[in-house]
Amino acid sequence: MYEVPPQGGRRAVVTGASGGLGLEVARRLAGAGAEVVLAVRSPERGERAAALIRGAHPEARLEVRALDLADLASVARFAGGLLDEGRPLHLLANNAGVMRPRRRTETVDGLELQFATNVAGHYALTARLVPLLTGAGGARVGWMSSSAAHVGRLDLDDLQATRRYRPFRAYAQSKLADLVLALWLAARAGAAGVDLASLAAHPGYVRTGLFSAGSSVGRPRPRRSLLEARWLPHQEVDWGAEPLLVALTSPEAGNGAYYGPAGPWGLVGPATLVRPPRRATSEGLGERLAEALGALTGVELAL
Ligand SMILES: NC(=O)c1ccc[n+]([C@@H]2O[C@H](COP(=O)([O-])OP(=O)(O)OC[C@H]3O[C@@H](n4cnc5c(N)ncnc54)[C@H](OP(=O)(O)O)[C@@H]3O)[C@@H](O)[C@H]2O)c1
């Protein structure tokens, strides 16, 4: 199992730290001595997560802060709070996500929910936090993608799936967009000579709340998803969190790297470097996506 190197003196923000992979990422970073901001949309679930981490690491330095990625005003408030304090930020884990709401759902900003949460919210968050990241010294942004990205397609003419909404297709597009953004930011930081690394990861297959949370959006009771296939190889959150933890903390992980499980079909196993699919690396795609996100969110990611 990957052991996070000592993180004393480093500050981290983990989105979606209330459960699943984000909670495990936050727990391992805190256990290694990082000061961790649990960025969560429900303060109650955030406090519960913090209590769980403190149960394992009583000395953990944790803070629970409200962040709803599906609401750009909430993203601005969250980032504004950190910017006002002006303390350096060393690690940003863009982890939170929602998968496959059955019906197309729009956020308060008029964006499709998966695109808003998984992509636009994280883009705006990263863009707003750039001053704290670039001033930190050796800062890293880790983007949680998915093997779904390998079958995704970016439709830059209809990112909001207004013409036709297909739940998995919109999810795969959002996870491909996360990967494209990770690689685009890496290239931008490298070209600008800025001290900031951007890396991507995917966890393989971990049976978290992800599968029922998305399918339950707009429903009174939780609903099981067909994607919770018991016959598929799967792993627990401790292994599933590893690719993102390696991307965020391994001294060997370089700007632009992408990590995922090494085992069968990339679903399970220890973290290893994986090759991004060609659809994530096509010339100019990152630039066009970033431009579209700048227009949609009103925030430019400037380095
Ligand atoms: N599990 C897998 O097999 C798998 C595979 C590939 C990729 N992934 C990716 O891994 C990441 C973590 O997923 P998971 O498996 O840990 O799922 P999870 O257990 O459902 O956790 C998702 C997290 O995202 C948070 N979240 C959802 N919408 C949010 C919003 N609008 N604002 C802020 N936070 C929000 C949830 O908060 P609440 O507690 O408030 O709901 C929760 O903490 C996601 O990006 C997912 O796409 C997972």
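Higher on the page you've got the structure.
Residues numbered from 1 in each chain as written. Predicted model: local features only at pLDDT ≥ 70, side-chain atom pairs only at ≥ 80, totals over all residues. Heavy atoms only, no water.

Trainee: An account of the site of the ligand is requested, with residue identities and associated values reported.
Mentor: Residues in close proximity to the ligand total 28 residues, the closest being Ser-18, Arg-45, Asn-95, Tyr-171 and Thr-208. Contacts to the ligand include Arg-41, whose side-chain N or O atom sits 2.7 Å from an oxygen atom. Measuring from an oxygen atom of the ligand, one finds a side-chain N or O atom of Tyr-171 at 2.7 Å. Coverage of the ligand by the protein amounts to 92% of the 900 Å² it exposes when considered alone. Mapped by element, the contributors of at least two residues to the shell around the ligand are helix H1 (20–31), helix H5 (167–192) and helix H6 (210–215). Taken together, the residues of the shell around the ligand sort by class into twelve nonpolar, twelve polar and four charged. (Near = heavy atom within 4 Å. Polar contact = N/O pair within 3.5 Å; in protein donor to acceptor, adjacent residues only side chain to side chain. Areas by Shrake-Rupley, 256 points an atom, 1.4 Å probe, with all protein chains shown as cover. Helix = DSSP H or I, 4+ residues; strand = E, 2+ residues; numbered from the N terminus. Nonpolar A, V, L, I, M, F, W, Y, C, P; charged D, E, K, R; others polar.)

Trainee: With reference to specific residues and values, describe the sheet that holds strand E4 (residues 91–94).
Mentor: Pairing in this open sheet of eight strands is mixed, and the strands run E3-E2-E1-E4-E5-E6-E7-E8 from one edge to the other. The open sheet has two free edges, formed respectively by strand E3 (61–66) and strand E8 (271–273), since each of these has just one partner strand. Strand-to-strand twist of the sheet, defined as the mean angle between neighbouring strand axes without regard to direction, takes the value 20 degrees. Along the sheet, helix H3 (residues 72–85) makes contact with strand E1 (11–15), strand E2 (35–40) and E3, crossing E3 at roughly 135 degrees. (Pairing = 2+ DSSP bridges. Axes fitted to C-alpha atoms, helices over the stretch in contact; angles between N-to-C directions. Contact = heavy atoms within 4.5 Å.)

Trainee: So what's going on with the pattern of salt bridges? Which residues, and what values?
Mentor: Any two side chains of opposite charge can pair, given that their charged atoms come close. Within the structure shown, the criterion is met by 13 salt bridges. Here Glu-63 ties to Arg-65 by a salt bridge, and the two come within 2.7 Å at their closest N and O atoms. With a relative accessible area of 15%, Arg-65 lands in the buried category. For Glu-85, the salt bridge goes to Arg-65, with nearest N and O atoms at 2.4 Å. Of the two residues, Glu-85 sits in helix H3 while Arg-65 sits in strand E3, which places them 20 residues apart along the sequence. Glu-85 sits in the partly exposed class, given a relative accessible area of 38%. (Salt bridge = Lys/Arg side-chain N within 4 Å of Asp/Glu carboxyl O. Buried < 20%, exposed > 50% of the residue type's maximum accessible area, 1.4 Å probe, protein only.)

Trainee: If you had to explain the packing of aromatic side chains to someone new, which residues and values would you point to?
Mentor: Considering all chains together, one arrives at one aromatic pair under this definition. Here the aromatic rings of Phe-168 and Tyr-171 are separated by 6.3 Å at their centres, their planes lie at 45 degrees, and the arrangement is tilted. Taken together, the residues Phe-168 and Tyr-171, both in helix H5 and three residues apart, mark about one turn of the helix. In this structure Phe-168 comes out as partly exposed when scored by relative accessible area, which is 35%. Residue class for Tyr-171 comes out buried when judged on its relative accessible area of 6%. (Phe/Tyr/Trp six-rings, centres within 6.5 Å; stacked < 30°, edge-to-face > 60°.)

Trainee: Could you give me a rundown of the environment of Met-1, with the residues and numbers involved?
Mentor: Secondary-structure assignment places Met-1 in the segment before E1. In this structure Met-1 comes out as exposed when scored by relative accessible area, which is 55%. For Met-1 and Glu-242, which are 241 residues apart along the polypeptide, the C-alpha to C-alpha distance reads 8.1 Å. Contacts of Met-1, omitting those with residues within four sequence positions, involve Arg-28, Asp-238, Trp-239 and Glu-242.

Trainee: Quick one: what's the story with a positive patch on the surface, residue by residue and with numbers?
Mentor: A cluster of basic side chains, namely Arg-153, Arg-164, Arg-166 and Arg-169, defines a positive patch on the protein surface. Assessed through its relative accessible area of 40%, Arg-169 is described here as partly exposed. (Patch = residues over 30% accessible without salt bridge, like charges linked within 9 Å, V, L, I, M, F, W, Y side chains within 5 Å. Lys, Arg positive; Asp, Glu negative; His and termini not counted. Charge placed at Lys NZ, Arg CZ, Asp CG, Glu CD.)

Trainee: Report on the environment of Leu-62, specifying residues and quantitative values.
Mentor: For Leu-62, the location among the structural elements is in strand E3. Look at Leu-62 and you get buried, because its relative accessible area is 14%. Each C-alpha atom of the pair Leu-62 and Ala-50 lies 6.8 Å from the other, and the pair is twelve residues apart in sequence. In contact with Leu-62, other than residues within four places in its own chain, are Ala-30, Val-36, Ala-50, Ile-53 and Arg-54.

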